[in-house]
Amino acid sequence: MKILVVGSGLFGAVSARELALSGHEIKVIDKRDHVSGNIYTKQVEGIQVHQYGAHIFHTVNKRVWDYVQQFAEFNRYTNEVVANYKGELYNLPFNMNTFNKMWGVITPDEAQAKI
Ligand SMILES: Cc1cc2nc3c(=O)[nH]c(=O)nc-3n(C[C@H](O)[C@H](O)[C@H](O)COP(=O)(O)OP(=O)(O)OC[C@H]3O[C@@H](n4cnc5c(N)ncnc54)[C@H](O)[C@@H]3O)c2cc1C
C-alpha cells in the first residue's frame, strides 16, 4: 500500500519506519525544512542545540527503551533544575529542600500546612 505520512516528528518517523519495514511504500512530508519535529537539534559550534526547547529522553517502558537504542547511543543524564528567584536558588521541581529554604519547614506535614 502507498502511504503518505504527514509530519516527520517522533510519531511520523516511527510510523513511517515501521510501515516501511512491513512492506508499505511510504512518503514522508513535513512543512518544516528539517526532519524530527520538535526534538530537532542543529549543530552550532560543535554543540547540538535544541531549536524548539530542550528535550530529554525518558521512558519506563523497556520495549521503547530497547527500540530507541538501535538508533543512537544514549548518555546517562540527570535533569537538575534550579530557579533563580530574587537572587536565591531553589530546586525544581519543588521538594523538601525548596520548602525548607522558602519557609524553614522540616517535615512534609509542616510544608502541607504552609501550602
Ligand atoms: C519545549 C518542549 C520541550 C519538550 N521536552 C520534552 C522532553 O524533555 N521529553 C519528552 O519526552 N518530550 C518533550 N516534549 C514533547 C515532545 O516534543 C513531543 O512529545 C514529541 O516531539 C511529539 O512528537 P510528534 O511527532 O507527535 O510531534 P512533533 O514533534 O510536533 O512533529 C510533528 C511534525 O509534523 C509537522 N506538521 C504538522 N502539521 C503539518 C502539516 N499540515 N503539513 C506538514 N507537516 C506538518 C510539523 O512541522 C512537525 O515537524 C517537549 C516539547 C516541547 C515543545
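Residues numbered from 1 in each chain as written. Predicted model: local features only at pLDDT ≥ 70, side-chain atom pairs only at ≥ 80, totals over all residues.

Draft legend 1. Main features of the overall build of the protein chain. In terms of helices and strands, the protein chain carries four helices and six strands. Starting at the N terminus and walking to the C terminus, you meet the elements of the protein chain as β-α-β-β-β-α-β-β-α-α. Relative to the globule expectation of 13 Å for 115 residues, the C-alpha radius of gyration of the protein chain, 21 Å, shows a markedly less compact shape. Seen through its C-alpha atoms, the protein chain measures out along the principal axes to roughly 65 × 35 × 25 Å. Considering only contacts in the protein chain between residues 6 or more positions apart, those separated by 24 or more positions represent 15%. (Helix = DSSP H or I, 4+ residues; strand = E, 2+ residues; numbered from the N terminus. Rg over C-alpha atoms; globule rule 2.2 N^0.38 Å. Contact = placed C-beta atoms within 7 Å.)

Draft legend 2. Spatial organisation of the site of the ligand. By nearness alone, 18 residues border the ligand, and Gly7, Gly9, Phe11, Gly37 and Gly53 come closest of all. The greatest single-element share of the shell around the ligand, amounting to three residues, is contributed by helix H1 (residues 10-21). Of the residues in the shell around the ligand, the class split is seven nonpolar, eight polar and three charged. (Near = placed C-beta within 6 Å. Nonpolar A, V, L, I, M, F, W, Y, C, P; charged D, E, K, R; others polar.)

Draft legend 3. Looking closely at the environment of Tyr90. Looking at the secondary structure, you find Tyr90 in strand S6 (residues 88-92). Note: C-alpha distance between Tyr90 and Met102 (twelve residues apart in sequence) is 8.3 Å. Contacts of Tyr90, omitting those with residues within four sequence positions, involve Val82, Ala83, Tyr85, Thr98 and Lys101.

Draft legend 4. Representation of the domain arrangement of the protein chain within the structure. Domain boundaries assigned for the protein chain yield domain 1 (2-68) and domain 2 (81-114). Inter-centroid distance (C-alpha atoms) of domain 1 to domain 2 is 37 Å. (Domains from an automatic or database assignment.)

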